[in-house]
Every structure is written in C-alpha cells, then in structure tokens.
Amino acid sequence: MTITLDPGHGQFKNPGVLAGYYEGTRVFMLAYELKKELEKYEDVTVRVTREKLEDDPSLTTRGKSAGKNGSTLFISLHTNAASNPTAHGVSVFCSVKRPGSEELGCLLGEAVVKTMKKHTDITYLRGVMTRTQSGDGGVIEDYYGVIRNSVKYDCVKYSYIIEHGFHTNETECAYMYGDGSLSEIARAEADVIGGYFGLKKKKDPDPGYVEYTVKPGDTLIGIARKYGTTYKILAEYNGIKDPDLIHTGQIIKIPCPAEINVGDVVRLREGVYTYFPGGKKFSSWVKDYDYVVSKTADNSGGPVYRGGARCVLLGAKVDRKSGEHGSPINSWASLEYIEKVYYENKQER
Ligand SMILES: [Zn+2]
C-alpha cells in the first residue's frame, strides 16, 4: 500500500510557546520518523508532501498528491494552537466523505494520547471528528483543504489530520520538543497502521546470527570449528543441553561476532559471499588469508548495509603464518560470515 504523510505548514510557521519550536519544522521531523517506521513493513511505499524542510506546498497540492500517487491512507501531521494557553489534548479530523474511517482515526488518536500522556499527564483525546462546510450547490464537504482535496480520489480510503497536542501549551510543547518524543510517537502510530491493515514486518536485515542445517555425521564441535567458535558457545546460544545430541536437519544458529572495528583482523567463515551477500562466493584462495578491516561505516558514520546485510570492507590480507600484511582485497563481506581473530605477539613482528 502507498501512504502519504503531510507535515503541515513550512519551516518557520507557527512558533510554539517554547523558544525555537516551530510546528512546521517539528512535524516535518515527525513525518520522516513515521516514514522510517512504516518502511519497516513489507510492501509499503511512503510519500511525504514536503521533500525539503523549506518546502511549503499549497493545501490543494498536498491533498491531491495523495490521490495522484495512489495512496490508500493520507495523514496530515500537526500540532495545535489556541489563544488560551491552557488548551491541550489531541484531535483527529476524518473525512465526511469516508464514513467508517473514524475507527482508524480513533485508534491513531488513542495511540498518540497514550504516548504523550506518559510524559505530560494532561493529554487526552479531545475528539475524533469531521468538520464540514457547504460547498458548490450546498453540497456538504470537508472544511479542511488537505482532507477535501485528498478524498477527491477514490483510492484515498482514509484521510486524517492529527493534531499532536498544542504547541501553545507549555507542557505539550515541551513534550513535542523533547528528545525522542517524535520517534516514540512515530512508533506508536506505525504500530496502529501496521495492525489495522495487517501489514507484515520485513525480516530484520541483521538478525545477529547465521543458520546452519545439521548434516548426517555432523558434530557440534565440528560445526563450531567450521565457524571459528566453540561448541560451548553454540550449545548455550541454541539452548542445547547435551552437545552430543544434535540431529540431522536441526537448525543451529551461529552467533555473529559482537563487534568488528576498523583495524581488527578477521577470518572468513564458510559460505561467505564476495562484494555483498547474494553475490559470488569468495574463491577458495581468498580464505587462506586473514584480513584487516578497513571500513565499518559509510561516510555518514552509519553501518554499511549491502544486499540487506550489514557489511564491512576487507583491507590488507594477513599471512596466517608470518602475520605479514599484504596487498588489500577491498571487498565487502557480511558481518555474520566473518570472525575476529587475534594474533599473539602481534606487536613483536
Ligand atoms: Zn497545523
């Protein structure tokens, strides 16, 4: 399914009661947190009406973009304002043209309230409502432009505005401006959406282990040796009480090394692929050597993922007998297929 998120207003629109808070900036950040959470589900495409923080498209453009990109769900994200500084709480607006959509609106509103209330104490659900006006020829239509324009398209079955508390209220503004609040709200909202539409979470690209299927004649010690670990580690990791009792077809999980840093020397395990997982198998001579890890992060400092698995870049090869460093290999290998090795008396060489 496709989902359009609409962070309201522009960058410096609608300052809050706390210095530096702008609704247009904060809800922009919320939209991208929510996008990240929603993209953890399979077959979900998320569009955001503002690509850049400075963007401030018209209400018509925002609403219509949801229909044009084939969205089922449209959510316009806001924080509320009132001249009375004590006004507080969460509001959800639904479309008068989409009877039945109040149910999801209510679930979203309740999830936001539950999240905020843990920190603010005061937040409550003000209402899940429709607000209407009389359009051409007296036809009742949605009052809010973003909702009105989105439901001009049949594909948009659910269209909402969510007001995440009031930025004119000190307590709620402080929460919305706080560290971690936006990711917390995004997770709560994504949970509701995932549950409502029965979405399936994607498989974790970095499960922390690799699976081995026991073949006839295998022993736990033999498997451990193959992967450069010990049978005790494997027995504990897999909850095996008697290491002598494993059976053909049993899945043994081989844990990934806890941490690999630049400069560590690593050995390649069985089954490792070259360049990225799913690529070609490393040729056998490559495995005669150990390697110095030359890169564990991308240029932004984040871990490197290739082919859906966390990877490190292998640098200089290390002769296992002499410990001498040779020419670099410069190939990516996935973390779960490498093990860290230590050279004794490394300093003396
Ligand atoms: Zn707003």
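Counting starts from 1 at the beginning of each chain's written sequence and moves along it residue by residue. In keeping with the model being predicted, local features are shown solely for residues with a pLDDT of at least 70 and side-chain atom pairs are shown and tallied solely at 80 or more, while totals for entire chains, interfaces and linings include all residues. Excluded from the side-chain calculations are hydrogens and water; all other atoms, namely the structure's heavy atoms, are used.

Let's talk about the domain arrangement of the protein chain
Working step 1: What counts as a domain boundary in this text is fixed by an automatic or database domain assignment. For the protein chain, the domain assignment lists domain 1 (2-196), domain 2 (204-255) and domain 3 (257-349).
Working step 2: Distance from the C-alpha centre of domain 1 to the C-alpha centre of domain 3: 45 Å.

Here we look at the nonpolar core
Burial of nonpolar side chains together is a common tendency in soluble globular proteins.
Working step 1: Ranked by size, the top nonpolar core spans 38 residues in total, and within it Leu5, Leu38, Leu73, Ile75, Leu108 and Tyr160 carry the most contacts.
Working step 2: Throughout, a contact is declared for two residues whenever any of their heavy atoms are within 4.5 Å. Not counting chain neighbours up to four residues away, the residues in contact with Leu108 comprise Ile75, Tyr160, Ile162, Glu189, Val192 and Ile193.
Working step 3: Here, nonpolar core means buried Ala, Val, Leu, Ile, Met, Phe, Trp, Tyr and Cys residues that are tied together by side-chain atoms lying within 4.5 Å of each other. Whether a residue is buried, partly exposed or exposed follows from its accessible area with a 1.4 Å probe, protein chains only, as a fraction of its type maximum: under 20%, in between, or over 50%, in that order. Membership of the second largest hydrophobic core comes to 27 residues, among which are Val210, Leu220, Leu268 and Phe282.

Details of the coordination of the zinc ion
Working step 1: The coordination sphere of the zinc ion, as far as protein atoms go, consists of His9 (NE2), Glu23 (OE) and His78 (ND1), spread over 2.0 to 2.2 Å.
Working step 2: For Na, K and Ca the donor cut-off is 3.2 Å; for every other metal, N, O and S atoms count as donors within 2.8 Å. Water does not enter the count, which can leave sites looking incomplete. Mapped onto the polypeptide sequence, the residues donating to the zinc ion form the spacing pattern H-x13-E-x54-H. Of this pair, His9 sits in the loop between β1 (2-7) and α1 (23-38) while His78 sits in strand β3 (residues 73-80), placing them 69 residues apart in sequence.
Working step 3: Among the residues examined, His9 registers a relative accessible area of 26% and is labelled partly exposed. By definition, any uninterrupted DSSP run of H or I lasting at least four residues is a helix, any uninterrupted run of E lasting at least two residues is a strand, and each is numbered from the N terminus.

Overview of the sheet that holds strand β8 (residues 158-166)
Working step 1: DSSP calls a pair of strands paired once it identifies at least 2 bridges connecting them. The strand order β2-β1-β3-β8-β4-β5 describes an open sheet built from six strands, whose pairing is mixed. A single partner strand is all that each edge strand has here, and the edge strands are β2 (45-48) and β5 (125-130). This sheet shows a mean twist of 20° between the axes of neighbouring strands, independent of strand direction.
Working step 2: Sheet topology note: the strand β4 (residues 90-94)/β5 ladder contains five bridges and is parallel. Residue pairing in the sheet places Ser91 in a bridge with Gly127 of β5.
Working step 3: Only the stretch in contact is used when a helix axis is fitted, and all axes are lines through C-alpha atoms; the angle between N-to-C directions ranges over 0 to 180 degrees. Helix α3 (residues 102-120) rests against β3, β4, β5 and β8 of the sheet, and its axis sits at about 20° to β8.
Working step 4: Contacting β1, β3 and β8, helix α6 (residues 181-196) crosses the sheet at an angle of about 155° to β8.

Looking at the packing of aromatic side chains
Working step 1: Only the six-membered ring of Trp is used, alongside the rings of Phe and Tyr, when aromatic pairs are assigned; centres must lie within 6.5 Å, and planes under 30 degrees apart are stacked while those over 60 apart are edge-to-face, with the rest tilted. Summed over the entire model, instances satisfying the criterion amount to eight aromatic pairs.
Working step 2: Ring centres 5.5 Å apart and planes at 85° place the aromatic pair Tyr21 and Tyr177 in the edge-to-face group. With Tyr21 in the loop between β1 and α1 and Tyr177 in helix α5 (residues 170-177), this residue pair connects regions lying 156 residues apart in the sequence.
Working step 3: Through a chain of ring-to-ring contacts, three or more aromatic side chains come together here, namely Phe93, Tyr143 and Tyr144.
Working step 4: The ring centre of Tyr143 lies 3.8 Å from the NZ or CZ of Arg131, which sits over that ring. The criterion is that NZ of a Lys, or CZ of an Arg, lies within 6 Å of the ring centre and within 35 degrees of the ring normal, and then a charge sits over that ring.

Comments concerning the environment of Pro85
Working step 1: Here Pro85 lies in the loop between β3 and β4.
Working step 2: Along the chain, Pro85 and Asn169 lie 84 residues apart, while their C-alpha atoms are 5.1 Å from each other.
Working step 3: Setting aside anything within four residues of it in sequence, one finds Pro85 in contact with Thr168 and Asn169.

Here's the deal with the packing of α5 against α6
Any two packed helices are characterised by the angle at which their axes cross and by the distance between the axes.
Working step 1: Closest axis-to-axis distance for the α5/α6 pair is 7 Å, and the angle between their directions is 85°. With respect to α6, the element α5 is oriented roughly perpendicular. Residues Tyr175, Met176 and Tyr177 of α5 pack against Ser181, Leu182, Glu184 and Ile185 of α6.
Working step 2: Three residue categories are used. Nonpolar comprises Ala, Val, Leu, Ile, Met, Phe, Trp, Tyr, Cys and Pro, charged comprises Asp, Glu, Lys and Arg, and polar comprises the others, including Gly. Taken together, the residues of the contact of α5 with α6 break down into five nonpolar, one polar and one charged. Each angle receives one of four descriptions, namely roughly parallel if under 35 degrees, roughly antiparallel if over 145, roughly perpendicular if within 65 to 115, and oblique otherwise.

Some details on the side chain of Arg62
Working step 1: Locating Arg62 in the fold gives a position in helix α2 (residues 59-68).
Working step 2: Judged by its relative accessible area of 2%, Arg62 is buried.
Working step 3: For Arg62, the side chain forms a polar contact with the side chain of Asp56, separated by 2.8 Å.
Working step 4: Whenever two N or O atoms come within 3.5 Å, that pair is a polar contact, provided that in protein one can donate a hydrogen and the other can accept it, and provided that, for residues adjacent in sequence, both atoms are side-chain atoms. Engagement of the side chain of Arg62 in a polar contact is seen with the backbone oxygen of Pro57, the distance being 2.9 Å.
Working step 5: Residues contacting Arg62, with those up to four places away along its chain left out, are Asp6, Pro7, Gly8, His9, Thr49, Arg50, Asp56, Pro57, Phe74 and Val146.

Structural notes on the pattern of salt bridges
Pairing between side chains of opposite charge can happen when the charged atoms of each approach one another.
Working step 1: Salt bridge, as used here: a side-chain nitrogen of Lys or Arg that lies within 4 Å of a carboxyl oxygen of Asp or Glu. Evaluation of the coordinates by the stated rule reveals eleven salt bridges.
Working step 2: Among the ionic pairs, Asp6 bridges to Arg62, the shortest N-O distance being 2.7 Å. Residue Asp6 is found in strand β1, and its partner Arg62 is found in helix α2; the two are separated by 56 residues along the sequence. In this structure, Asp6 and Arg62 share a single accessibility class: buried.
Working step 3: Taking the shortest distance from any N to any O, the salt bridge between Arg148 and Glu141 comes out at 3.9 Å.
Working step 4: The exposure class of Arg148 is partly exposed, given its relative accessible area of 24%.
Working step 5: Judged by relative accessible area, which is 21%, Glu141 ranks as partly exposed.

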